[in-house]
Amino acid sequence: MVLKLFQAAKPDVTESKSSAAAPVIAFHTSGRVAWSPRDASSLTRTGFAGNPVGFRCVKMIAEAAAALPLVVQDKTRRYETHPLVDLLERPNPGQGGAALLEALYGQVLLTGDGYLEAASGITRDEIYVLRSDRMRVVPGKDGWPVAYEYVVGSKKHRFDMGQDVAPVLHLKSFHPQDDHYGLSAMQAAASAVDVHNAASKWSKSLLDNAARPSGAIVYRGGDGMGSLANDQYARLVEELEANHQGARNAGRPMLLEGGLDWKPMGFSPSDMEFQKTKESSAREIALAFGVPPMLLGLPGDNSYANYQEANRAFYRLTVLPLVARTLSEISSWFGPRFDAGLTIKPDLDLVPALASEREAQWRRVANAGFLTDGEKRQMLGLPRLPEGG
C-alpha cells in the first residue's frame, strides 16, 4: 500500500458563479516592467544575437580594432621579423591574428572581461582566447586572484597564477563595484536593448494583425446579458485566429452575427510615439558602446557634420583606447617571454580613417625646428635612432 502525502484533495464543485459584468471588453492595465536577466549569457543572447543594433556595434568595434596593423618594437628599432611578430600573425593553428583579437575584443565588449591563455605548442608558443562566461576567478586571502577556473559542463581546469609566468591574462573593463570582474558596455545598454527588442516585437505583432490596432468585440445578448457560452466563445476565438489574423488575411472583412459588434480602437498618442521610442533606444545602445549613430544609419542624429568626421571620432574615442589598453597588457604579459622591453603598438600611419590627422601631425613635427630628431621620432611614436645614427 502506497501512502501519497501532500496531495491536495479536489473540492466538490456544487455551483458556478459569474458576474453580470462578464469580460465583454478586454482591458489591459500596465504591469511591472519585465527586464531581461543581466548575466553574461543572457545579455549576449538578447543584446548581441537578438538585437541588430547591439550586434552591429560589437562587430564594428571588434573588427575595426582587430584590423589595425601592429608593429613590434623596442626603444631602438622596429622588428619586421621576430618570433613575437610571427606569433601575432599566427597565434595558434586554428586562428590568425585578426581572428584572435576580434574574439578577444568581442568578449570584452559583451562581458567586460577577456581572457588569453598562453600554451606551449609543439614547435613554439601559442595563444588562445577563452570564453569569459566559462571563467571564474579564485581569489586568495589578500583578495588577488591566485587561480582561474575554466568550467565546461562537468569538466573543470584550474590555471595556477602562482607560476613564474602567468598562464592567463585577464583583461577587464573598469567596474566601480566589483574587484574581480569588469563592467561591459552591453550591461550599461541592457535597458535600452530591452526597450528596442520590445518595440520590435510590438511592430511584429501589429503586422501580424494587418498593421491595424486591435479592437474589441462587444456582445449584446437578447436577454440583456453580456456573456457568451463556452462553446460560442471557443468558436469565435477559433474563427478569428483562422480567418482574421496574419498577413494573408489582411483587409478581409469580418462577418459578425448573433449580437456581436466590432468596436475599432484607433492609435493612441503613445502608439504614435512608439517608433520614436525605438529610435531613441537604438541611439542609447550606440552611445553605450561609443559608436556614432550616424555610422549605424540611425535617423535623426546630426552630432557630426559628415560621415568622415564621425568615423574619425569612432577611431579616436572608441577603437584606439581599447586597442592601446589591450596591447599594453599583452606586451607586459607576453613580451618578456622573448626580450625585455618589447612592446606591441598599432601603426596609426596605416589607418585610412586617421590619414589626414597623421599627415597634419607629421607636417607640424617636421617643421618644428627647435626639436631634435630623437624628440621628433618620439612624438611620432617611432623608436629613437641608435647611438651614432
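Residues numbered from 1 in each chain as written. Predicted model: local features only at pLDDT ≥ 70, side-chain atom pairs only at ≥ 80, totals over all residues. Heavy atoms only, no water.

To continue, consider the confidence of the model for the protein. Chain-level statistics for the protein give a pLDDT mean of 80 and a share of 74% at 70 or above. Segment residues 1-8 is flagged for pLDDT under 50; beyond a separation of four residues in sequence, or across chains, it makes 0 contacts in the model. Below pLDDT 50 for its whole length, residues 19-31 participates in 9 contacts with residues either more than four positions away or in separate chains. (pLDDT = per-residue confidence, 0-100. Contact = heavy atoms within 4.5 Å.)

The subject of this paragraph is the side chain of Q73. Turning to its location among the elements, Q73 is positioned in strand 1 (residues 70-73). Classification of Q73 as buried rests on a relative accessible area of 4%. Here the side chain of Q73 touches R78 through a polar contact of 3.0 Å, side chain to side chain. Those residues in contact with Q73, other than ones at most four positions away along the chain, are R78, Y79, G341, L342, T343, K345, G381, L382 and P383. (Helix = DSSP H or I, 4+ residues; strand = E, 2+ residues; numbered from the N terminus. Buried < 20%, exposed > 50% of the residue type's maximum accessible area, 1.4 Å probe, protein only. Polar contact = N/O pair within 3.5 Å; in protein donor to acceptor, adjacent residues only side chain to side chain.)

Mapped onto the fold, P93 is located in the loop between helix 3 (83-89) and helix 4 (97-111). Looking at P93, the relative accessible area reads 58%, which means it is exposed.

Time to look at the sheet that holds strand 2 (residues 78-79). What holds strands together in a sheet is hydrogen bonding between their backbones, with the strands either parallel or antiparallel. One open sheet holds the 3 strands; their spatial order is 2-1-11, and the pairing between them is antiparallel. Every interior strand has two partners, whereas the edge strands, strand 2 and strand 11 (343-346), have only one. Strand direction decides the pairing type here: strand 1 and strand 2, joined by 2 bridges, are antiparallel. Paired with V72 across the strands is Y79, a residue of strand 2. Strand contacts of helix 10 (residues 307-334): strand 1 and strand 11, with the helix running at about 165 degrees to strand 11, the strand carrying the most contacts. (Pairing = 2+ DSSP bridges. Axes fitted to C-alpha atoms, helices over the stretch in contact; angles between N-to-C directions.)

Let us now look at the packing of aromatic side chains. This model, assessed by the stated rule, comprises 5 aromatic pairs. A ring pair is formed by F48 and F55, whose centres lie 4.9 Å apart and whose planes are at 40 degrees; its orientation type is tilted. On the basis of relative accessibility, which here comes to 19%, the residue F48 falls in the buried class. Relative accessible area serves as the criterion here: at 37%, F55 is assigned to the partly exposed category. Residues W333 and F334 carry aromatic rings whose centres are separated by 5.2 Å and whose planes lie at 55 degrees to one another, so their mutual orientation is tilted. For F334, a relative accessible area of 1% gives the class buried. (Phe/Tyr/Trp six-rings, centres within 6.5 Å; stacked < 30°, edge-to-face > 60°.)

What follows covers the nonpolar core. Counting 60 residues, the largest nonpolar core has Y105, F289, F314 and Y315 as the members making the most contacts within it. In terms of residue count, the dominant contributor to this core is helix 10 (11 residues). Not counting chain neighbours up to four residues away, the residues in contact with F289 comprise C57, V58, I61, L109, A185, M186, A189 and T318. Judged by nonpolar contacts, the second largest core, of 8 residues, contains V137, Y148, F159 and V168. (Core = buried A, V, L, I, M, F, W, Y, C linked by side-chain atoms within 4.5 Å.)

This next bit is on the side chain of S42. Its place among the elements puts S42 in helix 1 (residues 40-49). One polar contact links S42 to D39, side chain to side chain, over a distance of 2.8 Å.

A few words now on the pairing of strand 5 (residues 135-139). Bridging between strand 5 and strand 6 (residues 145-152) involves 5 bridges; their strand directions are antiparallel. Note on strand 6: the bridge partner recorded for M135 is Y150.

Spatially, 3 strands are ordered 5-6-7 in an open sheet, and the strand pairing comes out antiparallel. Looking at which strands have only one partner, the edges of the open sheet turn out to be strand 5 and strand 7 (155-160). Going across the sheet, the axis of each strand differs from the next one's by a mean of 25 degrees, ignoring polarity. The pairing of strand 6 with strand 7 spans 6 bridges and is classified as antiparallel. Looking at strand 7, one finds that V151 is bridged to K156.

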